[in-house]
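Descriptive structure summary
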Amino acid sequence: MTTEKGSASAADEPMVVDDFVALTYHDRLPPETVRFADGLIAGRIIGQRCPQCRRVYVGGKGFCAMCVVVMGPESEIDVADVGVVTGYTIITPVRYYGQTKTEPFVYASVLLDGASSVLGGQEITGIAIDAVREGLRVRAVWKPPEARNYEGHSTRGWGSLAGGIVGFEWTGEPDVPREQYKEFAV
Amino acid sequence: MTEQHDDRHVVTTTLEFPYRRSLGPVIGGFARALAEERIVGVRTQAGDVLVPPTEHDPRTGESVRDGFVDVGPAGEVQSWTWVSEPTERHPIRRPFAFALIRLDGADTALVHAVDAEAIEVMRTGLRVVPMWRAERTGRITDIECFVPAGLEG
Amino acid sequence: MPADDIAIVGWGQTPSVASTDLTEPQLCLAAVNDALAMANIDRHAIGFTCSGSCDYLSGGPFVFISNLEAAGAWPPISESHVEMDGAWALYEAWVRIQHGDIDFALVYGSGKSSPSDPALLFPQQLDPYYLEPLGLDPASLMGMQARALLDSGTATERDFAAVAARSRRAGAANPKAQTLPNGAGESDLDIDALLAAPYVRAPLRAHDLAPAADGAAAVVLATPAKARELTDHPVFIRGIDHRLEPHQPGVRDLADSPSTRLAAQKAGLGANGGGVGVAELYATSSAQELILRAALGLGPDVSVNPSGGALCSDPVMATGLVRIIEAAQRVADGTTRRAVAHAVNGQVLQHNLVCVLEGER
Ligand SMILES: [Zn+2]
């Protein structure tokens, strides 16, 4: 490429620029998320039971996506803080912008007793990570009451337990037979 | 749906996106010229000078001709608006004008900020000149803003 | 092959409000269920679903996938999404239903603008080289456009205020629109009061600019045969088309909208407004309404934005679809036999869609 007047420097080299975009959002939490978050702070895990299909969602989105019907406060029930690992992976962190982890960690799906939806992305403790397996019985590890807060809740996802629960630990009980959770296994 | 909530029901999140872009020959040429305190355009097959330059003639979709044409640096305001309360993303932190500026020798207009001190100074047809940053990196903001001709100090 | 006259047989819209604490899927659910109830069909009769939304508005990755739950996506459905106003989702569904193998299509558009500041977010829709680094916000672009219109000699700031006053008066009677302060009438006194307000982006004042809102809207489309089975007064889409102008504002004549004019021609609107009684136009500034009226050739006898239009409520990503709904409503209730709806995408009327609607009475 030539110029009519003067010449651009090093014009044959591709010009590369860095750009950094930061976008800030202020989310007003939806009513069912507020009730779910308040439940965690009070040491309860609240599920929403569909009036039509009876599935129990933790946490609820305010509607059943299978039946497309609204679920309000009247649909809410407590579910247990113990459950079963239905699937997992072990993540070896690679370096990318925003990654804070440096050591391999477990990323597990947990089906709480009485629930019909799994909680994704849970950490499992009390057992070596190479011993984590499907069917493992686990119990919620609660934050001390004074440390519980609204962490992790947003309008763009549901079911974060981070405000009240740091993860799940192995109960030491025998594994749950796959027959009992296979509908939820990945 | 409009009830008031206390603040703990409002969650603030900042999403961050780091990008790296290769500018290509046309925008890259414009960017290199900015770093040298020059403004360049490209010529379409029909002979019009596009500033800011694009790879194609917006009217025909044809590739523009090879080579750059120096334009400006002064130009004329074609349209403008007065920003009485700048946002944190705007290039000027006090009231200013955004303007479509047709630089001398160009057939299209470039958007940039005009630091005119007061709305009364602004008018369509106003002659403006660029104020260059001392440190230039090949970005449109290498031009800090334009100012009315004669006020460039 | 000439397009079949697809009909609109159901619609729904949430109230559009400055800020809701409902999630976007919840907004979609309300609009979709209302539209299906009005059409009086089961959701499983839907052969194709298309939605329009923008994840950047609320900052949620794959919100458009969550929204799909509002359509009832199990068992798996045939669906598509456009990162555009719901009016373009309707366009895609209109094309899809022409294939002749389905009876019904569901369309919805949704957006939550309240979590972010449009003035800070929207520069992100502009090119990252020349415009975005300046933080160029929609209102500033609209200010430059309004100035270009004033300079063309075809409008005055008083004309802008008259558009705003008429829109606010109409919007006050629309339960789905926002309740705005300083509701104004059409008298000179009211217009004087509006003109006394400070500029936000001179020559535009707050009332000249569409207030972003949260909301959702949905429409059910049907083949002509199914439409006649369902209703005695189907609303037919006689033509629909959309056209695009270049991205850079400096290569366009901002005081005109040639893409609207061309889309109207291709949609078969006809000369001088094509005999429509009602026009619902997605103008995000009062000046844009004047530009659109001129491009569509609408005379003073046409009722423009009887809903109040976007100047009363702009549920971004649903607003264009709402215009089609508001126009269809007035054809269905016999207010007019023929109406035109307009939707916009991009900045300062860059991309325009025109939809001509007609009833049989
Ligand atoms: Zn259900």
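Source: prediction; values computed, not measured. (Residues numbered from 1 in each chain as written. Chains lettered and ligands numbered in written order. Predicted model: local features only at pLDDT ≥ 70, side-chain atom pairs only at ≥ 80, totals over all residues. Heavy atoms only, no water.)

Next up on the list: the environment of C:Asp232. Its location among the elements puts C:Asp232 in the loop between helix 9 (224-230) and strand 8 (235-244). On the basis of relative accessibility, which here comes to 69%, the residue C:Asp232 falls in the exposed class. (Helix = DSSP H or I, 4+ residues; strand = E, 2+ residues; numbered from the N terminus. Buried < 20%, exposed > 50% of the residue type's maximum accessible area, 1.4 Å probe, protein only.)

Listed by partner, the interface residues are 27 residues for chain C and 22 residues for chain A. Counting each side, the surface lost to burial between chain C and chain A is near 2,000 Å², with a carbon and sulfur contribution of 59%. There are one salt bridge connecting chain C and chain A. The shortest N-O distance in the salt bridge between C:Glu69 and A:Lys61 comes to 2.7 Å. If you look at where chain C meets chain A, you find six residue pairs in polar contact (both at pLDDT 80 or more). Listed by contribution, the elements that provide at least two residues to the side of chain C that touches chain A are helix 1 (24-39) and helix 2 (55-58) of chain C. Here the element with the most residues in the side of chain C that touches chain A is helix 1 of chain C; it accounts for four residues. Here the side of chain C that touches chain A is composed, by residue class, of 10 nonpolar, 13 polar and four charged. (Contact = heavy atoms within 4.5 Å. Buried area = accessible area lost by both parts, 1.4 Å probe. Salt bridge = Lys/Arg side-chain N within 4 Å of Asp/Glu carboxyl O. Polar contact = N/O pair within 3.5 Å; in protein donor to acceptor, adjacent residues only side chain to side chain. Nonpolar A, V, L, I, M, F, W, Y, C, P; charged D, E, K, R; others polar.)

Next up on the list: the pairing of strand 6 (residues 96-103) of chain B. Residue and element names in this part refer to chain B. The element strand 6 is extensively covered by neighbouring structure, given that seven of its eight residues are classed as buried. Where strand 5 (residues 75-83) meets strand 6, eight bridges bridge the pair, whose relative direction is antiparallel. What sits directly across from valine 83, in strand 6, is phenylalanine 96. In the sheet, strand 6 pairs with strand 7 (residues 110-114) via five bridges, with the strands oriented antiparallel. Bridging across to strand 7, alanine 97 finds its partner in valine 114. Here strand 6 folds back onto strand 7, and the loop between the two strands holds six residues, one of which, glycine 105, carries a positive phi near 95°. (Pairing = 2+ DSSP bridges.)

Before going further, it helps to spend a moment on the confidence of the model for chain A. Taken as a whole, chain A shows an average pLDDT of 88; of its residues, 91% reach a score of 70 or greater. In the model, residues 1-9 of chain A has pLDDT below 50 throughout and makes 20 contacts with residues more than four positions away in sequence or in other chains. (pLDDT = per-residue confidence, 0-100.)

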